[in-house]
Each structure stands twice: as C-alpha cells, then as structure tokens.
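Listed here are the chains, written in short residue letters.
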Amino acid sequence: MTDAKPKWNRRKDARPSEIVDAAMALFAENGFANTKLDDVARRAGVAKGTLYRYFDTKEALFRAVVQHLLTNHLEVVEKAGKAFEGSLAEFVPMLLKRAAQSLGDDRLPGLARVMLAEGRAFPDLAAVWHDELAARMLDLIAGMVAKAQDRGEVRPGDPRLYAFSIIGPISVALLYHEAFGSRANAPDLEALASQHAETILRGMAASIPDQKEPTP
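Fair warning: this is a prediction, and the values are worked out from it, not measured in the lab. (Residues numbered from 1 in each chain as written. Predicted model: local features only at pLDDT ≥ 70, side-chain atom pairs only at ≥ 80, totals over all residues. Heavy atoms only, no water.)

Colleague: Even after reading the chapter, I still don't get the pattern of salt bridges, so can you show me in this structure?
Modeller: A side chain with one charge may pair with a side chain of the opposite charge, provided their charged atoms come close. If you walk through the whole model with that rule in mind, you get five salt bridges. Two residues, aspartate 39 and arginine 42, come together in a salt bridge whose shortest N-O distance is 2.8 Å. With a gap of three residues between them, aspartate 39 and arginine 42 both fall in helix 2 (residues 37-44), about one helical turn apart. Overall, aspartate 39 belongs to the partly exposed group, its relative accessible area being 28%. On the basis of relative accessible area, arginine 42 is assigned to the exposed category, the value being 59%. For aspartate 139, the salt bridge goes to arginine 160, with nearest N and O atoms at 2.9 Å. Highlighted residues: aspartate 139 in helix 8 (residues 123-150) and arginine 160 in helix 9 (residues 159-180), separated in sequence by 21 residues. (Salt bridge = Lys/Arg side-chain N within 4 Å of Asp/Glu carboxyl O. Helix = DSSP H or I, 4+ residues; strand = E, 2+ residues; numbered from the N terminus. Buried < 20%, exposed > 50% of the residue type's maximum accessible area, 1.4 Å probe, protein only.)

Colleague: What am I meant to see in the environment of alanine 25 here?
Modeller: Inspection of the secondary structure puts alanine 25 in helix 1 (residues 15-30). The sequence separation of alanine 25 and glycine 110 amounts to 85 residues, and the corresponding C-alpha distance is 8.9 Å.

Colleague: Just checking my understanding: could you explain the nonpolar core for this structure?
Modeller: Nonpolar side chains tend toward joint burial in soluble globular proteins. Core analysis: the biggest nonpolar cluster contains 63 residues, and Phe62, Leu88 and Ile166 have the highest contact counts within it. Leaving out residues up to four positions away in the same chain, phenylalanine 62 has contacts with Phe27, Phe32, Leu111, Val114, Leu125 and Val128. (Core = buried A, V, L, I, M, F, W, Y, C linked by side-chain atoms within 4.5 Å. Contact = heavy atoms within 4.5 Å.)

Colleague: Can you walk me through the layout of surface pockets in this structure?
Modeller: A probe matching the size of a water molecule, rolled over the atoms, marks out where space remains unfilled. Quantified by volume, the largest pocket comes out at close to 600 Å³. Surrounding the largest pocket, 26 residues form its lining, Trp129, Leu133, Ile167, Ser171 and Leu174 being those nearest its centre. The set of elements that each furnish at least two residues to the lining of the largest pocket consists of helix 5 (74-83), helix 6 (88-103), helix 7 (107-118), helix 8 and helix 9. Grouping the amino acids of the lining of the largest pocket by side-chain chemistry returns 20 nonpolar, five polar and one charged. (1 Å grid on protein atoms, 1.4 Å probe; cavity = no way out; pocket = protein on both sides within 12 Å on 5 of 7 lines; lining within 4 Å. Points joined across faces, edges and corners; volume = space filled by probe spheres on them. Nonpolar A, V, L, I, M, F, W, Y, C, P; charged D, E, K, R; others polar.)

Written out as structure tokens, the structure is:
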C-alpha cells in the first residue's frame, strides 16, 4: 500500500496553485491558443468544473500564471528597490544580475515567447505582460534614476528613457535566446548584465572621474 493520495483528495487551498503550475507548463509548451482548459484540468488532476471555480476564462488563468511566476522574481526586486538607500551605481548591477538570473528560469522566457507570438491575436496577453511586468519594472527603474538625479549622481535626462536603456540589452538577449536557441552563440546573461551595468553607469554619470595616464 502507499500513503500517496490522489490530487483530488488534497485540501482545497492547494488546488489553485496546482492549476496554475499545470497551466504554466502547458502555455510554455503549446502556446496560448493551443492550450485547452480540459488539458490544464487533466494535468492538474482536477475536474474541469473545479478549474472554472477559480478561473472563469483562459485569459484569467494566463494572468494568474504571470502573476505567480513574477512573484518569485519581480516582487523581490521591487521590495529591494523600495528599501534601497544606496547609490544608483550599487543598485543597477544588483538589478541586472537579478534580471539575468530570473531569465534563467525557462518558464519566464517561455511565457515571453507566448506573448510575442500570440499577443496580436490575443491583445489581453500583451496587456497582462505590460501591466504585470514591463510597466512595473520600468516604473521601478525610472523612480530610482529620478532619485539619483536629485542627488546629483546622474546627468539630466528623461528617467524613463534611462530605464529603457538600462533594461534594454537584457530584454534583447532574451529575444535572441528565444528566436535562435541553440543555433546561435547566445550571450551569457550574467556576463552581459555585469558588462552592461558598468557601461551604462559611466554614460549616465553626472561626472566621470579623470582617467589616469598609463605608466610608461
């Protein structure tokens, strides 16, 4: 005999997370249009009626998937950013390293691929991605840049455009990985994050220390 219990005997408060985990895998594997709620229910080990008790549409389920995944990544960065009292030169490398590590989670690039491939056919997908990830990340970075400008660390300029400049290369690297996969020499994300942090910070700095003359 075994002590293992079928999923449908588990406590009810475990069901939403099981449904979200199943949907996350299926969206990444099959895309949004080709993922059926019947398949999600089957993989989660629940009846379809149970799934509808928590998520009345596939779009609502996709939003829950994005929110669940980002809780483990973006919210950590948001909390760190709000509590951070150091300089932008300290914050940006930390932010980009965290972003590179997050993109190492295959589920996040998989969902990005779904949004890019099917966002035009399903506008709600793009809205979810924008509201839950892109806008929040840009707002966080732009806010940090504005504070750094107030302290005289960063030269004048639109904080939101600076935010795009900071996060842009990591975003492009994600697309590169997803578009070309093993067929291309894709960049190491953490190495890119480290090098770009140094480059962008020098470009944004209100003043750049004089370079020492090389010793003959």
